[in-house]
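Residues per chain, in single letters:
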Amino acid sequence: MTFDAGPSEHTDRLLDILKREKVHATFFMLGAHHVDERPAEVKRIDAEGHELANHTWSHRILTDIEPAAARREMSRVQDAVRRITGKTPKLMRPPQGRTDESVSAISKELGLAQVLWSVTAKDYATEDSALITKRVLEQTERDGIILLHDIYRGTVPAVPGILKELKRRGYTVVTVSQLLAPAKPQPGMVYRP
């Protein structure tokens, strides 16, 4: 299970749910207005055993900008997360999943594997928690990667129902790195479940 674009005002509530359910997730965090304004949430994500990951500084489409700008988009998050937690993310999700050879080369240079997804609730387009739950459950299959956003109002209320039903179906919810184990994410590689 992955959460993009936070941390936000909803992240603490999400972390409470994940803690109660004994589930760890991967957080692909934005820098501007998120990591830089919510260091306490970044520390808590790390302290509670979740995976820290990079979703760029300002959500610019990396394939639409010059390589130097793309490098800054990724490296600024790396630096900010390292400054806050002492750890450097190993995973990156390109905005809109858009990547190319240049983005892969920069990712490799920065030590970042790129991670896409197999399940999306399109929670950016609805606040209906029941619809978000339905969409996730309809698409989820073994070894899938669920994309949600901890910045939207309808998402966090959907998480308990999603987790309950996934557990009922026999799924174990893990971080991306746990899903890839025993292999380790390779910098520059694009992981498409």
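Look up a bit, the structure's there.
Residues numbered from 1 in each chain as written. Predicted model: local features only at pLDDT ≥ 70, side-chain atom pairs only at ≥ 80, totals over all residues. Heavy atoms only, no water.

Enquirer: Would you explain the overall build of the protein chain in this entry?
Expert: Looking only at helices and strands, the protein chain has eight helices and eight strands in total. Relative to the globule expectation of 16 Å for 193 residues, the C-alpha radius of gyration of the protein chain, 15 Å, shows essentially globular dimensions. Expressed along its principal axes, the backbone C-alpha trace of the protein chain runs to roughly 45 × 35 × 30 Å. Sorting the 193 residues of the protein chain into buried and exposed places 51% on the buried side. For the protein chain, the exposed surface amounts to about 9200 Å²; the carbon and sulfur share of it is 49%. (Helix = DSSP H or I, 4+ residues; strand = E, 2+ residues; numbered from the N terminus. Rg over C-alpha atoms; globule rule 2.2 N^0.38 Å. Buried < 20%, exposed > 50% of the residue type's maximum accessible area, 1.4 Å probe, protein only. Areas by Shrake-Rupley, 256 points an atom, 1.4 Å probe, with all protein chains shown as cover.)

Enquirer: Could you clarify how one ought to interpret the nonpolar core in this entry?
Expert: Within the largest apolar cluster, 34 residues are counted, with the highest numbers of intra-cluster contacts made by Phe3, Leu18, Phe27 and Leu148. Elements that contribute at least two residues to this core include exactly α1 (11–21), β2 (26–29), α2 (31–35), α3 (39–47), α4 (67–85), α6 (129–139), β7 (146–149) and α7 (155–168). Counting residues per element, this core draws most heavily on α7, which supplies six residues. Every residue in contact with Leu148, bar those within four places of it in the chain, is listed here: Thr2, Phe3, Asp4, Ala121, Asp123, Ile132, Val136, Thr155, Val159 and Ile162. With nine residues, the next largest nonpolar core counts Leu62, Met74, Val103 and Leu112 among its residues. (Core = buried A, V, L, I, M, F, W, Y, C linked by side-chain atoms within 4.5 Å. Contact = heavy atoms within 4.5 Å.)

Enquirer: Just checking my understanding: could you explain α7 for this structure?
Expert: Turn by turn, an α-helix covers 3.6 residues, leaving residues three or four places apart pointing in a common direction. Here α7 spans 20 Å end to end across 14 residues, near enough to the 20 Å set by a 1.5 Å rise per residue. Where α7 is concerned, the buried positions are Thr155, Val156, Ala158, Val159, Ile162, Leu163, Glu165 and Leu166. In this structure, the buried side of α7 is in contact with β1 (2–4), α1, α6 and β7. Among the residues trailing α7, Gly170 stands out with phi positive, at a value near 95°. (Expected span 1.5 Å × (residues − 1).)

Enquirer: Is there a simple way to think about the pairing of β7 in this case?
Expert: Side-chain positions along a regular strand alternate between the two faces of the sheet. Side-chain alternation along β7 places Ile146 and Leu148 on one buried face and Leu147 and His149 on a second face that is also buried. In the sheet, β1 pairs with β7 via three bridges, with the strands oriented parallel. Bridging from a neighbouring strand, Thr2 pairs with Leu147 of β7. Taking the sense of rotation as the criterion, the β-α-β connection linking strand β6 (residues 119–120), α6 and β7 turns out right-handed. (Pairing = 2+ DSSP bridges. Right-handed = clockwise from strand over helix to strand, strands pointing away.)

Enquirer: Even after reading the chapter, I still don't get the layout of surface pockets, so can you show me in this structure?
Expert: Regions of empty space are outlined by a rolling probe, equal in size to a water molecule, passed over the atoms. Approximately 310 Å³ is the volume attributed to the largest pocket. Tallied by class, the residues present in the lining of the largest pocket amount to nine nonpolar, four polar and three charged. Here the second largest pocket defines a volume of roughly 260 Å³. Along its surface, the second largest pocket is lined by 16 residues, and His55, His59, Gln96, Tyr124 and His149 are the ones closest to its centre. Of the residues assigned to the lining of the second largest pocket, the class counts are eight nonpolar, five polar and three charged. (1 Å grid on protein atoms, 1.4 Å probe; cavity = no way out; pocket = protein on both sides within 12 Å on 5 of 7 lines; lining within 4 Å. Points joined across faces, edges and corners; volume = space filled by probe spheres on them. Nonpolar A, V, L, I, M, F, W, Y, C, P; charged D, E, K, R; others polar.)

Enquirer: Looking at this structure, I do not really get the pattern of salt bridges. What am I missing?
Expert: Between side chains of opposite charge, a pair can form when the charged atoms approach closely. Following the criterion strictly, the structure yields 16 salt bridges and no others. Measuring nitrogen to oxygen at the nearest pair gives 3.4 Å for the salt bridge that ties Lys167 to Glu21. Of this pair, Lys167 sits in helix α7 while Glu21 sits in helix α1, and the two are 146 residues apart along the sequence. With its nearest N and O atoms 2.8 Å apart, the salt bridge here joins Arg71 to Glu109. (Salt bridge = Lys/Arg side-chain N within 4 Å of Asp/Glu carboxyl O.)

Enquirer: Sorry, what's going on with the pairing of β2 here?
Expert: Across the two faces of β2 the burial is the same, with Thr26 and Phe28 and Phe27 and Met29 all buried. Bridge analysis of β1 against β2 gives three bridges, and the strand direction is parallel. Of the residues in β2, the one forming a bridge with Thr2 is Thr26. Regarding topology, α1 serves as the crossover connection from β1 to the parallel β2, and that connection is right-handed.

None of the figures reported here should be taken as evidence of function without further support.
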